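Structure at a glance
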Amino acid sequence: MAKYLAGPVIREVQYFLCVNKVMNDLENEKEVLASERDNLLIRVAQAKERTEVIEKPVEKWLNDVENLLRAVEDLVQRMETDNNCFQGWFPTCRRYLLCKQMVQEISTIGKLKGKSNDIQPFSHRAQLPGVYGLGGCGKTTLVTEVGKKSEELDMFDKVISITVSRTPNNRGIQGKIADMLNLKLMEESEEGRAQRIWLRLKDNKRILLILDDLWREFHLKDIGIRLDNVNRSTWKILVTTRREHVCTLMDCQKNIHLGLLSEDESWTLFRKFARIDDEYSELLDSVPRRICNECKGLPITIKTIGSSLKGRQEIEWQQAFDMLRDSKASNDEDTLMPTLNCFKFSYDYLQRPEAQRLFLMCSLFPEDYHIPIEDLMRYAIGQGVERTHSLQSTRSLIQAHINKLLDSCLLMPGSVKMHDMVRDAALWIANRSENCKILVNLDEPLSIAAENNKISDCFAVSSWWYNESPSFCQLHAPNLKMLLLNIVGHRSWNSLDLSHLIFEGIQGLEVLSLTIDYKIVPLSFPPSIQLLTNVRTLRLNGLKFGDISFIGSLTRLEVLDLRRCEFDELPTKIGKLKSLKLLDLSECHIFENNYNGAIGKCSNLEELYASACYPEEYVYEIILDIGVLPNLQRFVLNDPIVRERTRVLQLNDFDISKLRTTKKIFLQIAEIVVLRGLHGECKNIIPNMVEVVGGMNNLSTLCFVDCQEIECILDKTSDSKVDDLIPMLVELRLQIMRNLKGLCQGPTLQVLPFFEKLEILELRYCPQLHNIFPLECKLHNLKSLNLSYSRSSEVLFPLSVAQSLLQLEKLIVEGCDELKHIILCDREHDFNARTEIVQAQRDSHFLMPCLREVKIHDCWKLESIFPICYVEGLSQLQMIDVWNVPQLEYVFDECYHAYQPFQDNIFLPNLEVLKLCNLHNLFGMFPLDYSQVGWPYESLRKLTVQHCSRFSRLWLDVMVGSFPIHHLLNDTNPSKLQELVVSGIHHLSIILWNLPISSLLYLQYVQVSNCENLKCLFSMEKHSSLPELMSLRVYDCQKLEQIFEANEEHLQLPNMEVYFPKLKHIEVQNCNNLKSLFPVAMVRMLPQLSTLRISKANQLEEVFKRGPGDDIINQMEVVLPNLSDITLDDLPSFIDIFHTSKLYVVKPLKLCIYKCPKASLNLRNKFRMKLEETADEMMKLLSS
């Protein structure tokens, strides 16, 4: 019996007598298990980097270990605090029980130890799928949302989404990719452009490529995307297609079929677009629900039909259901037939044949093509979609039809665009009709389509042949009304041969469009083009002709579009085209310098466009000539940037005296006029210029540039009536007007009406301008004022004027050397204003209530911007940007009369951006005597304070939330600041200190520079973590000792908060007192660090400094799972990233070391070894 009892008794006695040994054993076992866990976490990080999914047993083992380690830690702490009996010298019952539990935990650790390497499989590749399904089922919507979420969650460095379509246009796809990458493609060949794209993409570690709407296998290398052994595991492809077989061809790991909606899902979507509810459906005997059921669960048809019936009367719902049901009963049971019939129903429900014809016309363009509305307008005019007495009326009616198609979801906005399923339905509808058959030729040259008799009975044909030089032949199609030919010009082409294109068989043609993209190609038309006497719209773009006299034979021509063409001259015969209403010469080059007066003979011309047309002398002659055109309503002449098409005119170096002997109708009806270098005895606009013109009743925008004769705009010393001459003027821009002395001259009361209608006023580089605003003037409608590098008086706005600025939204003042006050609240400086006016001003605290943006730059004498008494009225202000104003002490200065600050309100509650730069006397935003005002922590997003040497430390603390000046800053209202830039504040020793727990939760970017006495940026003991910080840059801080002041004991606590969970980029330059950046224990606080750049730090020895208590860490491999770029430059004392520790990186690493003579010799080899290990492991996984 003694033999059997000895073992248990000894064990029980050991629980009393061997406590220290048990504790040591437990600590050793815990460290071994923790090390095994850390190694496994490295493997997990590597697998996730390859976007692999971790298997459940791995996650279970990690959870079990985590729970066990927490229990062990708790057990050890309980043992250490149990000092009941003589401070632990004698055992107690409690210690006996704790020791017994420790032995049990040692046994449990033994069961988990060594098991992590045996878990198989460890992970599997993430199944990024190919999505296939019926057209219109929501594939594009789904993958678009996936792309957005991927960007939000930072799963990929770049998300590239391209639409491929049935006939891929590689050049167009390359252009879209270049736009996403902000890349300019100068190469002509597709191969050269592909190489340029690849050079930009190859450095991206993680890319999600969305290929939408594939119809066949697509070779990515043709557009510049190459999958190789390095990027194949980290670049992911997501495909959408209507065919499952395409997913297989594209090597999708998993194919997902996106099916139709259920009945309930369909009804929910239908109600949304029809804007009805269940009660309304029941009121109509469930007819809406039955109509929804006819859509068969296809989202695009539900959306289209629901939108078509929005706002309809009760009887119309029944009629719609009968039409939809009858159309289905009369057709075959083809798979797509129900869907096509749904679109046919929406087409029929347009009711107006003009809208129906416009809908079919949109199908002439390739899939996913963005159709310019102006092109559509011109084609529709040629087709006679609407015929009215004027083009303006016709445009309005056509736009109404386009709006109807958009409202019915038959078109998508953004130029305008057709969903590919809707386009298929439009072609199906057209080709079932007797007289509207359409051929969109994408797969072969037009000559082959004509030889195969595909166009003989067509109403409309469009050809979009990209792959080689096009070939043409005689066309025989007596019913053809529209022919659109689009050709991509290649560098190798010297000319385009149209000699075989015979027009005799298509004499009924009404719309002819021949456009060359990307270059201008010489050609000559065959003589048979003169037979096209029925053509109403002729569009020839990107062509070089010699003689274009054939245009005179096209007697019914209404629209002539010659954009980007080169030719000898406009034929005088154009004047015989009595139906010609629109002529577009934009970007044309006309070789004949002497204008022949052809346009002046076009008596019915209503619209003329000649932007960027050469030579300029030719355009000036045109401008003078069009004065005889009685019907001209819209023109854009010589303006380099065509805005919304209206009456726009720009004249360069123009002699106004020429207008005395010619008709001036073009200036009389112009809405926007830009005059550069105007001369000809013109000292003012009113009356000198306007009297010559004869009144400018439609003028809304007037811009003068470098007109040296102009001395004032309005001279009321004469008897001219302002309202009769320019009654509609709301925008006035004056630039480089060296002799402009004032806006107005004459009796004050007579010039005041000139100011009342102004909405936009820009005065730039007017060195003699002064006393801009008379004391009594009212600026009730002014929305934007830009006063730049112009002479001004000491005060910009007298108080009486400032009170009238009820609509002002934007205020820009730059380079005004004499200006001292924007608004002055001092009676002595108020231009001797009447006492009652000044008192009325002071009674109101609401000046400029709509002001959103203020920019003040380079005003060397400016002393104040706004008096503090008016801040309450600036509640809409969003941005303040003040640079180079050395005399400014406060942005909002003191008032010179009694003022009671408003209480319990936020100062500028909508302020988002605050920039204060080079303000050497600035103390703060306002005197802190007004501390009852709350700082806008909720709204402020970007804060920049640079080279403000006297700026108060207290004010900086207020702005970042370290020192609230108002009780409204608390844990429920944290600062929303996202970007902080501080520079040139020499008395700072630390940037962020004493922050509330919830402060700076949104801070993403920090840049600090030129702070001479700065010793530390952050202090762990003073404030909490920065959970959103992504970028940290520090420059030219000579006394900086450390980036992060940390309690190293706290850093080693197992439950310590990760301080920088999202920090990716760190850059430090010219900080010569800095010996290290972080304690080594901070490594685990930087899980996302990807870029580390350090230069010109003379004393820097290591990046991560070893401290007391770091022995265990020094023996471990330190992991920075996202580090991929290290640059070390001009660091004479630098030795290593870590002393003794091994740095483990997961990603391929770019390591650049320059001018670091003491750098460890094996530093580069250490990284290379780890890279090789990572590459080997990746290759094994790829081959498995």
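Conventions used here
Residues numbered from 1 in each chain as written. Predicted model: local features only at pLDDT ≥ 70, side-chain atom pairs only at ≥ 80, totals over all residues. Heavy atoms only, no water. Salt bridge = Lys/Arg side-chain N within 4 Å of Asp/Glu carboxyl O. Buried < 20%, exposed > 50% of the residue type's maximum accessible area, 1.4 Å probe, protein only. Helix = DSSP H or I, 4+ residues; strand = E, 2+ residues; numbered from the N terminus. Pairing = 2+ DSSP bridges. Axes fitted to C-alpha atoms, helices over the stretch in contact; angles between N-to-C directions. Contact = heavy atoms within 4.5 Å. Parallel < 35°, antiparallel > 145°, perpendicular 65-115°, else oblique. Left-handed = near helix turned anticlockwise from the far one by under 90°. Nonpolar A, V, L, I, M, F, W, Y, C, P; charged D, E, K, R; others polar. Core = buried A, V, L, I, M, F, W, Y, C linked by side-chain atoms within 4.5 Å.

**A look at the pattern of salt bridges**
- What the rule picks out here adds up to 39 salt bridges.
- Among the ionic pairs, Asp 278 bridges to Arg 271, the shortest N-O distance being 3.2 Å.
- Residue classification places Asp 278 among the partly exposed positions, given a relative accessible area of 35%.
- The closest approach of N and O atoms between Arg 387 and Glu 558, which form a salt bridge, is 2.9 Å. Taken as a pair, Arg 387 in the loop between α16 (373-382) and α17 (391-407) and Glu 558 in the loop between β16 (543-544) and β17 (559-561) lie far apart in primary sequence, 171 residues in all.
- Where salt bridges share partners, they join Glu 374, Asp 375, Arg 378, Arg 395, Arg 539, Asp 561, Arg 563, Asp 584, Glu 607 and Arg 634 into one cluster.

**Looking at the sheet that holds strand β29 (residues 742-745)**
- In spatial order, the strands read β25-β27-β29; together these three strands make up an open sheet with parallel pairing. Either end of the sheet is taken by a strand with one partner, and the two such strands are β25 (684-686) and β29. Between one strand axis and the next, the sheet turns by 30° as a mean value, whatever way the strands run.
- Bridge count between β25 and strand β27 (residues 712-715): two bridges; the pairing is parallel. Of the residues in β27, the one forming a bridge with Asn 684 is Cys 712.
- Sitting on the sheet, helix α24 (residues 748-756) is in contact with β27 and β29, with an inclination near 140° to β29.

**A few points about the environment of Ile 686**
- Locating Ile 686 in the fold gives a position in strand β25.
- As for Ile 686 and Cys 712, which are separated by 26 residues in sequence, their C-alpha atoms are 8.7 Å apart.

**Side note on the pairing of strand β42 (residues 1005-1009)**
- Burial analysis of β42 places four of its five residues in the buried class, which makes it a mostly covered element.
- As paired strands, strand β41 (residues 979-983) and β42 are joined by five bridges and run parallel to one another. Within the sheet, the bridge partner assigned to Val 982 lies in β42 and is Val 1008.
- Where β42 and strand β44 (residues 1031-1035) come together, five bridges link them in parallel fashion. Paired with Gln 1007 across the strands is Arg 1033, a residue of β44.

**Observations concerning the sheet that holds strand β4 (residues 158-163)**
- Across the sheet, which stays open at both edges, the five strands sit in the order β4-β5-β6-β3-β7 with parallel pairing between neighbours. The two strands at the open ends of the sheet, each matched to only one other strand, are β4 and β7 (255-257). The mean angle between the axes of side-by-side strands here comes to 15°, regardless of whether they run parallel or antiparallel.
- Relative to β7, strand β3 (residues 130-132) runs parallel, the two being bridged by three bridges. Bridge pairing in β7 places Gly 130 opposite Asn 255.

**Quick word on the packing of α16 against α17**
- Interaxial distance between α16 and α17 falls to 10 Å at its minimum, and their mutual angle equals 115°. By the angle between their directions, the pair α16 and α17 is classed as roughly perpendicular. Seen along the crossing, α16 lies across α17 with a hand that is right-handed. Along the contact surface, α16 presents Ile 373, Glu 374, Leu 376, Met 377, Ala 380 and Ile 381, while α17 presents Leu 391, Thr 394, Arg 395, Ile 398, Gln 399 and Ile 402.
- Of the residues belonging to the contact of α16 with α17, the class tally is eight nonpolar, two polar and two charged.

**Topic: α16**
- Counted residue by residue, α16 has nine buried out of 10 residues, so it is predominantly covered.
- For α16, the complete set of buried residues consists of Glu 374, Asp 375, Leu 376, Met 377, Arg 378, Tyr 379, Ala 380, Ile 381 and Gly 382.
- Phi for Gly 384, located one or two positions after α16, is positive at around 70°.

**Regarding the pairing of strand β30 (residues 760-764)**
- Pairing between strand β28 (residues 731-735) and β30: five bridges, direction parallel. Following the sheet pairing, Gln 735 is matched in β30 by Arg 764.
- Pairing of β30 with strand β31 (residues 784-788), which is carried by five bridges, proceeds in the parallel orientation. Along β31, the bridge assignment pairs Arg 764 with Ser 788.

**Thoughts on the environment of Leu 851**
- Its location among the elements puts Leu 851 in the loop between α26 (835-843) and β35 (853-857).
- Remark: the alpha-carbon pair of Leu 851 and Leu 806, spanning 45 residues in sequence, is separated by 8.5 Å.
- If we ignore the near neighbours within four places in the chain, the residues touching Leu 851 are Leu 808, Glu 809, Lys 810, Leu 811, Phe 866, Leu 874, Gln 876 and Leu 877.

**What to know about unusual backbone geometry**
- Omega for the peptide link from Tyr 614 to Pro 615 comes to -5°, which places this bond in the cis form.
- Position of Pro 615 among the secondary structure elements: in the loop between β21 (607-610) and α20 (616-625).
- Here the amide bond leading from Ile 686 into Pro 687 is cis, since omega sits at 15°, within 30 degrees of zero.
- Of note, Pro 687 is situated in the loop between β25 and α22 (688-693).
- Residues other than glycine seldom take positive phi values, yet Asp 213 does so here, at roughly 65°.
- Note that Asp 213 resides in strand β5 (residues 207-214).
- One non-glycine residue with positive phi stands out, namely Tyr 789, at about 50°.
- If you trace the backbone, Tyr 789 turns up in the loop between β31 and β32 (795-797).

**Focus: the nonpolar core**
- Counting residues in each nonpolar core, the largest one holds 234 residues, and the members touching the most others are Phe 797, Phe 892 and Met 925.
- Among the elements that take part in this core, α20 stands out by supplying six residues, more than any other.
- The contacts of Phe 892, once residues within four sequence positions are left out, are Phe 866, Pro 867, Ile 868, Val 871, Leu 874, Ile 880, Phe 907, Leu 908, Met 925, Phe 926 and Pro 927.
- Listed in part, the 52 residues of the second largest apolar core include Phe 365, Leu 405, Ala 425 and Met 482.

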